[in-house]
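# Coordinates in review
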Amino acid sequence: MKLATQLIPITLAVAGAFSLASEAHAQQAAPSSDDAQAQERMDTVTVSARRREERLQDVPLAVTAFSAKALERANIQNLADLQERVPNLTVYASRGTNTTLTAFIRGVGQADPVWGVDPGVGIYFDDVYMARPQGALLDVFDVQRIEVLRGPQGTLYGKNTIGGAIKYISRPLARENTASAEVGLGNYHQRNFKAAFNVANENGTWRARLAAAKLDRDGFGRNTFNGEQVSDQDSTAARISVGYFPQEIPLTVVLSLDATDDKSGVRGFQRMGVSAFDPLRRPASTSAYDIQSGMPGNNFTHNRGGSLVANYTLSNDWSLKAIAAKRRSTSEQTIDFDGLPQPIADVFGDSHDDQKSLELQASYSGDYGAGVIGLYRFEGTAGGGIYNNFLGRQFTAAVSTVETDSTALYTDWTWPLGQLWSLNAGVRHTREEKRAIVLNRAFADVGFTRPIQTAADFDKSLSVSNTSPKLSLRYQASSTTNLYGNVSRGFKSGGYNVRANNLVVPDSARPYRDETLDALEVGLKYAKPDDTLDVNVALFYNRYKDIQLSVFTSYVQPGGLPGFYGDFTNAGKATVKGAEFEFSWRPNRQWDVNGFVALLSAGYGEFLSGGQNIASTQRFSNTPSRQVGLNLTRTDRNVLGGTLRSLVGFGYRSKVYPTTDLSEVLAQGGYSLWTAGVVWEGMKNWTFSLHGSNLGNKRYRTDGYNIPALYILDGFYGPPRQVIAKAGYKF
């Protein structure tokens, strides 16, 4: 709270300065029409963070949004590329896989991607919730915008958005016939192809759109034992939408289907220690990606989804919306924890997920304000198996299914209180049933056909109920400056540990509780009248309870064989507080400057382990205390008949503990990343660009494994320096 208290006077001072500046600006003579025409304004970003279209600067919420042009010019290839452009956001590919997402916002997330464990940051694809992280590291193509909502979004977006939400919004159906294509070539034999086609009949009643992407890249490293590539890319994605827009009735209906197939190889990593079970006692590796695994590189994820969205306008004030969706995913991975030819800790996993959802909304926008009333239904089944081969002598398998049935009622309304004030209030009530069917056994053979011991065998159900309120007050200090304050609550669903081992931890078959987070946020949003400067400031203070943590615990079995157990437990209580400053500035028609500074302090107040409170020795994972981002763009017109844009980007993150065991060896110290690019936009629909990321070729860890009983210490790293040249044409 001290940090927030210290920064509130600064926020008020900034608000006053902006208010006075805007009044002085209003008293100045208006620019001539020629000057006004010459002044090229910044894009006005519209967001749907509150389930309705609004100007970003009018939303009393910490939101960062990227338009299609901004994403294209910044060379944003997937959601992980947003990490250096959004305050207090951590997002990367999970350890061992290429398309499974790990996301944290303001210290809240979920690092364990096992099925049945809910994320702390919600991913929404065209307003459809993606319940599982497998395949959620979405590639960016044919997109309209991406929004990152920071802080709990429990009222409008429900459970598992306790840290925030990331909204991926694809390009809508157009009234005219259009097409686009892009080819990209880069180092590591990167070969990208993206295309989109939009067709419509003469009056736009019927419309259809097809978009596809094929992304291939050689590996950052190799498996030197069998010659296979690791950390490569082999991804294919496609989306098709068909819409009916009748002119005689106020109705729109859009059917969308999407599919993604990722066949990339396993992720490479660095062995950071010497294994006592390695007969050759090979030293720690020096490469960030090369491994010497004796396992095949099987690794794939298949995602399929479909949605039907209908909008009906009842009157000038009221409209109805229905979103029915179904999604399915399957994946397989091999994870060689030791990275050596010997079967020291070889793990094979498969998972599948089926989800169905239905959302009904009634929206109002009129003289008495704006709001929405909604009903949300979700049914999902997630399951799979984890098959462990330890030292070629111990074989265990954890096979389980988790069924989820969830119903929520919600409402969110904004009322004007005079000309300068507005009040926003909302509440969501959720009831959820979870059923876990778990069978974890030890086997006598590597084929997992002869069980010899049962570690867990149960079929249990859990019922939870949660009410998440929100209250927000907005004050228009001037025509350019808005101040707001809000209090809100979010929760992350509890459940059962699918890796339960009653022989090691007798209580492991008991459910872990829901997480809850109560948040206070105050902020300022300023937009200069000529759209040349936007400034957003947010201060927040969160009380975080029943924090869910996944911890790998080593142990020695009665026969002397080492083992490890994936425990899942509630840690206790914590406070998370911080400040975020974002700006976008165009001093003239040639230069654009945007960036942010983020500060965060997260500390446990209670962390019970073995009956003792060890909060003073614990730290949050995936939570840097300081982040800085800065991006400069220079625009030169009439260059070879087009517009030339030169871009430079810088990002800094302070020390991070990527794993809950807080290993100092795996901890990543503060580091900086540089990006640069040149984009030429021709007058005849051509675009050529050259981009480079991680120009300093910085080695930085994003994740790791630390299992002392098996002498496993691995570090997973972010991508090395990459360069790509692209050519695009729009018809």
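Residues numbered from 1 in each chain as written. Predicted model: local features only at pLDDT ≥ 70, side-chain atom pairs only at ≥ 80, totals over all residues. Heavy atoms only, no water.

Before going further, it helps to spend a moment on the side chain of Ser357. By secondary structure assignment, the location of Ser357 is in strand 21 (residues 345–366). Other than its neighbours up to four places away in sequence, Ser357 contacts Val128, Ile323, Ala324, Ala325, Tyr376, Arg377 and Phe378. (Helix = DSSP H or I, 4+ residues; strand = E, 2+ residues; numbered from the N terminus. Contact = heavy atoms within 4.5 Å.)

Another aspect to go through is the pairing of strand 34 (residues 626–639). Summarising the sheet, strand 32 (residues 591–609) and strand 34 pair through nine bridges and their orientation is antiparallel. Across the sheet, the residue bridging to Phe596 is Gly629, located in strand 34. One ladder, built from eleven bridges, connects strand 34 with strand 35 (residues 642–653); its direction is antiparallel. In the strand pairing of strand 35, Asp636 is matched with Leu644. Here strand 34 folds back onto strand 35, and the loop between the two strands holds two residues, one of which, Leu640, carries a positive phi near 55°. (Pairing = 2+ DSSP bridges.)

Strand order across the open sheet formed by three strands is 18-39-38, with antiparallel pairing between neighbours. Where the open sheet ends on each side, the last strands, each with one partner, are strand 18 (270–271) and strand 38 (701–707). Relative to strand 39 (residues 712–717), strand 18 is paired through two bridges, and the arrangement is antiparallel. Within strand 39, the residue paired with Gln270 across the bridge is Gly715.

Further remarks concern the pattern of salt bridges. Across all of its chains, the model carries 42 salt bridges by this definition. Between Lys321 and Asp127 there is a salt bridge, with its nearest N and O atoms 3.5 Å apart. You can see Lys321 sitting in strand 20 (residues 318–336) and its partner Asp127 sitting in the loop between strand 7 (121–125) and strand 8 (128–130), a full 194 residues away along the chain. Of the residues examined, Lys321 reaches a relative accessible area of 22% and is grouped as partly exposed. (Salt bridge = Lys/Arg side-chain N within 4 Å of Asp/Glu carboxyl O. Buried < 20%, exposed > 50% of the residue type's maximum accessible area, 1.4 Å probe, protein only.)

We note that Asp142 has phi near 50°; this positive angle belongs to a residue other than glycine. Here Asp142 lies in the loop between strand 8 and strand 9 (143–150). The phi dihedral of Asn694 falls on the positive side, at around 45°, and the residue is not glycine. Following the sequence through the fold, Asn694 ends up in the loop between strand 37 (686–693) and strand 38.

Counted by the stated rule, this structure contains 31 aromatic pairs. Measuring from ring centre to ring centre gives 5.3 Å for Tyr387 and Phe448, while their planes differ by 70°; the resulting arrangement is edge-to-face. Taken together, the residues span a long stretch of sequence, with Tyr387 in strand 22 (residues 369–390) and Phe448 in the loop between strand 24 (421–443) and strand 25 (451–476) at a distance of 61 residues. Classification of Tyr387 as partly exposed rests on a relative accessible area of 24%. (Phe/Tyr/Trp six-rings, centres within 6.5 Å; stacked < 30°, edge-to-face > 60°.)

Strand order in the open sheet made by the three strands is 4-5-6, with antiparallel pairing throughout. Looking at which strands have only one partner, the edges of the open sheet turn out to be strand 4 (89–93) and strand 6 (108–109). Sheet topology places strand 4 next to strand 5 (residues 101–105); five bridges connect them, and they run antiparallel. By the bridge assignment for strand 5, Tyr92 is matched with Thr102.

Of all residues in the protein, 92% attain a pLDDT of 70 or more, and the chain-wide mean is 90. Segment residues 1–42: pLDDT under 50, and 47 contacts once partners within four positions in sequence are set aside and those in other chains are kept. (pLDDT = per-residue confidence, 0-100.)

Attention now goes to the side chain of Thr659. Position of Thr659 among the secondary structure elements: in the loop between strand 35 and strand 36 (671–682). A residue is classified by how much of its surface remains accessible, and Thr659, at 5% relative accessible area, is buried. At 3.2 Å, the side chain of Thr659 forms a polar contact with the side chain of Asp661. If near-sequence neighbours (up to four positions away) are discounted, Thr659 is found in contact with Arg95, Ser621, Leu666, Asp703 and Gly704. (Polar contact = N/O pair within 3.5 Å; in protein donor to acceptor, adjacent residues only side chain to side chain.)

So, about the environment of Tyr526. Inspection of the secondary structure assignment puts Tyr526 in strand 27 (residues 515–527). A residue is classified by how much of its surface remains accessible, and Tyr526, at 4% relative accessible area, is buried. Distance from Tyr526 to Leu409, taken between C-alpha atoms, is 34 Å for residues 117 residues apart in sequence.

Only one face of strand 16 (residues 233–244) is covered, namely the one carrying Gln233, Ser235, Ala237, Arg239, Ser241 and Gly243; the face carrying Asp234, Thr236, Ala238, Ile240, Val242 and Tyr244 has none of its residues buried. Two strands pair when backbone bridges link them, and strand 13 (residues 206–217) and strand 16 are joined in this way by twelve bridges, in the antiparallel orientation. Across the sheet, residue Ala208 finds its bridge partner in strand 16, namely Val242. As judged from the ten bridges shared by strand 16 and strand 17 (residues 251–262), these two strands associate in the antiparallel manner. Within strand 17, the position partnered with Ile240 by the bridge is Leu257.

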